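Summary of structural features
Residue strings, one per chain:
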Amino acid sequence: MTTTMLPRATVREGLVARSRRRPGGWKQLAVNQAFLLPAIVVFVFLFVVPLAQSFYWSLTDFTGYSSDVTFVGLSNYRTILTDPSMLAALGFTLLFGVGTTVVVTLIAIPLAVQLNKRFFGRNLVRSLWFFPAIPSMAILGLVWRYILSPLESGVVNSTLQDLFGVGPLAWLSDGTLARVSVIVVGIWAAAGWHAVLYMAYLQSIPNEYYEVARIDGASARQQFFGITLPLLTPALVISTFLLMTAGLKVFDLPYTLTNGGPGFSTYTITQSIVVAGVSQGRYGLASALAVLFTIAVAALAFGQLWLTKTIERRFV
Amino acid sequence: MKRSRVAAAVASAALALSITACGSDAGDGRTKLTYLSWTGEEQMTPIIEAFEEANPDIDVEASYAPPVAEYIQTLQTRVLSGTAPDVFLIAAENKTSLIDGGHVVDLTGEPFLEKIPDFNKETYGRDGKVYGMSISSWAAGYLYNKDLLAEAGYDSVPETWDEFLQMCRDLEAAGITPFIESVDQMPTTLSAWIGAQSSEMDPPLDELIFSGESTFEEQWTPALEEYNRIFTEGIVSPDVVGLDGDMVRDEFANGRVAVINAGPWVINAIREAAPDLEFEFAPVPGLPDGKPFQAGAATPGYAINSKADEEKQAVAKKFLAFLASPEGVEVFEEQTNDVTVTSDFEPTPDPAFEPLAAAIREGELYLPMISWQRSEDVLNVEAVAQIQRMIQGQVSPQGVAQALDAKLASS
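Each value, and the rule that gives it
- All residue numbers refer to position in the chain's written sequence, counted from 1.
- All chains are assigned letters beginning at A, and all ligands numbers beginning at 1, according to the order in which they are written.
- In view of the model being predicted, local features appear only for residues whose pLDDT reaches at least 70, and side-chain atom pairs are presented and counted only at 80 or more, with totals across whole chains, interfaces and linings using the full set of residues.
- Processing note: side-chain calculations cover all non-hydrogen atoms of the structure and skip hydrogens and water entirely.
- Helix and strand definitions follow DSSP, with helices as H or I runs of at least four residues and strands as E runs of at least two, each counted in order from the N terminus.
- In this setup the radius of gyration rests on C-alpha atoms only. A globule is expected at 2.2 Å times the number of residues raised to 0.38.
- Buried residues are those whose accessible area, probed at 1.4 Å on protein chains only, stays under 20% of the maximum for their type, while exposed residues exceed 50% and partly exposed ones sit between those limits.
- Throughout, a residue-residue contact means that at least one pair of heavy atoms, one from each residue, lies within 4.5 Å.
- Each accessible area value is a Shrake-Rupley result obtained with a 1.4 Å probe; residue values ignore everything except the protein chains displayed when judging cover.
- Neither His nor the chain ends contribute to the count of charged residues, in which Lys and Arg are positive and Asp and Glu negative.
- Where a charge lies is defined by one atom per residue type: Lys uses NZ, Arg uses CZ, Asp uses CG and Glu uses CD.
- Put simply, buried area is the surface a 1.4 Å probe can reach on two separate parts but cannot reach once they are joined, added for both.
- Polar contact is the term for a pair of N or O atoms within 3.5 Å; when the atoms are in protein, one must be able to donate a hydrogen and the other to accept it, and sequence-neighboring residues count only if both atoms are side-chain atoms.
- Here the term charged refers only to Asp, Glu, Lys and Arg, the term nonpolar to Ala, Val, Leu, Ile, Met, Phe, Trp, Tyr, Cys and Pro, and the term polar to all other amino acids, Gly among them.
- Only Phe, Tyr and Trp rings take part, Trp by its six-membered ring, and two of them pair if their centres are within 6.5 Å. Stacked means planes under 30 degrees apart, edge-to-face means over 60, and tilted covers everything else.

Observations regarding the overall build of chain A
Helix and strand content of chain A: 15 helices and zero strands. Rg of the C-alpha trace for chain A: 25 Å, well past the compact-globule value of 20 Å for 316 residues, more than 25% over. Considering only C-alpha atoms, chain A reaches an extent of 70 × 65 × 30 Å along its principal axes. Here chain A holds 316 residues, and 39% of them are scored as buried. Pairs at least 24 apart in sequence give 66% of the contacts found in chain A among residues at least 6 apart. Carbon and sulfur atoms make up 70% of the accessible area of chain A, which amounts to about 17500 Å² in all. Counting 21 positive and 12 negative side-chain charges, chain A places the centres of these two groups 14 Å from one another.

Below is the structure:
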């Protein structure tokens, strides 16, 4: 792996040398920093201010109809942490976030490697895999609701009956099967898009590395784990980060596929925020939920970033 | 320079005039009335045109938001930002917030309310006051396939629950799927039974529960136990928890099930999918100590913004008076197919829906969510989820009722 170490060392030396001879001193630095100003303004007004407002509302009984509110302290937080439906929502949200992230990654990388090879009809196969990423998840949820209908006339059930004489299976009616169904549809919808992301990185790996490895007698497996996978770690960081954040804030797919049911089996945190806030006019409670959720997502996201950066440093 | 100043002055004056026009009248001398419609634009436009024709000095500026969540959200945002329309809809989902917040005008004693039945007035009222004018109601019951029932020797849905269960067994013996009920909402059967029970009580059931004199456990458990029989006795598959109303309707339209729960909104879709299908509605069979009843409620009521000035409120009342008049109701019925309830207009519902239409006009309807006195949606979400769990065998009927008591206590 010396070949991969060389560019990293070269880049670092270049950066150090450039910083030593930075022209213009602090004035130039100030001008450079000024370019960050629009981003900071956007960050403050679209993230910091709403988050601060949410925190404020979370300490009140705000109903959304009048800004005349009563301070209720941490009562909303107490309600959330003792409400079985909210805890069920937290459990499924974590399961969906982690489940889709792990399985999509396990599918997308080998898929990208295969789609990167030359074969007849490659573009068509790539398009077919990418297609589920185009329609909205809400539309996909509604379509899959009919496909996975627990009735004998459901698409999957009637196919299973015709081919194997099995069924009908309670895809969306049994708590466990409903959870699995939502996660599988989520994986199906995301795998192709993330495979394309990995393909973009695969195509930037110089072919010479593989040629040298082949000359040295490396098998296909050794080439994958010794060259492909380490050089894909930047893509891995981006892909898993996107998957985890999208998975944790998932709303449209479970909402349209199962509406959070049966019971609270597939209820998500985002759905409980929307239901509490919009449908039930309990904005104080919804704000408290949003604050707790932001903290949890931030902790998970930073943890994940730290982990992937550690892996990245190990390989690159 | 002088020329540009004059141009600026003219432009400012024009702007000021246009802003004034936006604020109070339509700019052509007519008074502008703002209205946020729950009904779609295609259906609402002829009603508004009829009103404007009858009141040429008023211009209705309508905006639209589809029910339910989007409407509630749009109205709530406009109320909070001080840009609420002069007339809007008060519904089950927002009535507590609108009344508690003093956002709606008390309509008690208005002449146009005289032709509205008490049931509809009470739905959008509190403590004897009326805050919304509801001119129609809806009902849901059982929809049955006449041909399939005939195959098992029945010509209609029986009036008692035990007889209905026997009919289901007979249908099953004849190789016909007897009954499917979607439980993605509050089950029609359960709403009807609780309604029948409440109609025999004084004070009504919900008044006892919400005043703390009784509990869900005491009032709901017998009905829940009876409802659970169709799953524990294998008459209906627990898989129904994964079905929505459209799936159930499609099964019925394709002749794969004899009886489903439904309301008038399925009629057109079934006729389109199966023009030759013979079907009719019936009330939900009664429990041994009850009577046949139907789920249903008054449709959302027209309410007037209490922040609107007196002139606008007067114009808004004219709008409501028109909607309640025979002319207004006629156009309303034509456009929405709702069963209207005003005393001086006789609606003509679809023949298949006739068995439930009389109950609508008599106010023999019940829907828990609209009858509950607070935390309506909180309790409804909890009830639906717990009933789904009961059907799956994860909680007992008593456990469902206890969960509702716990939810009420914590909300």
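A look at the interface of chain B and chain A
As a measure of interface size, the accessible area lost when the parts come together is often cited. Listed per partner, the contact involves 33 residues of chain B and 29 residues of chain A. Each partner contributes to the roughly 2600 Å² buried at the junction of chain B and chain A, and carbon and sulfur atoms together form 56% of this total. Considering only the surface of chain B that becomes buried against chain A, Gln76, Asp239 and Met247 of chain B emerge as the three largest contributors, covering 19% of it. At the junction of chain B with chain A, the criterion picks out 13 residue pairs in polar contact (both at pLDDT 80 or more). When residues of the side of chain B that touches chain A are traced back to their parent elements, those giving at least two are helix H3 (69-80), helix H4 (95-100), helix H11 (245-253) and helix H17 (376-391) of chain B. It is H17 of chain B that provides the largest number of residues to the side of chain B that touches chain A, a total of eight residues. Grouping the constituent residues of the side of chain B that touches chain A by class yields 13 nonpolar, nine polar and eleven charged.

Examining the packing of aromatic side chains
The description of two aromatic rings rests on the distance between their centres and on the angle between their planes. All names here are of chain A. In total, this model carries 28 aromatic pairs over all chains according to the counting rule given. Consider the rings of Tyr56 and Trp57, whose centres lie 5.1 Å apart with planes at 55 degrees: the pair is tilted. Residue classification places Tyr56 among the partly exposed residues on the basis of a relative accessible area of 45%. On the basis of an interplanar angle of 20 degrees and a centroid distance of 4.0 Å, the ring pair of Trp57 and Phe62 is categorised as stacked. Since its relative accessible area comes to 7%, Phe62 is described here as buried.

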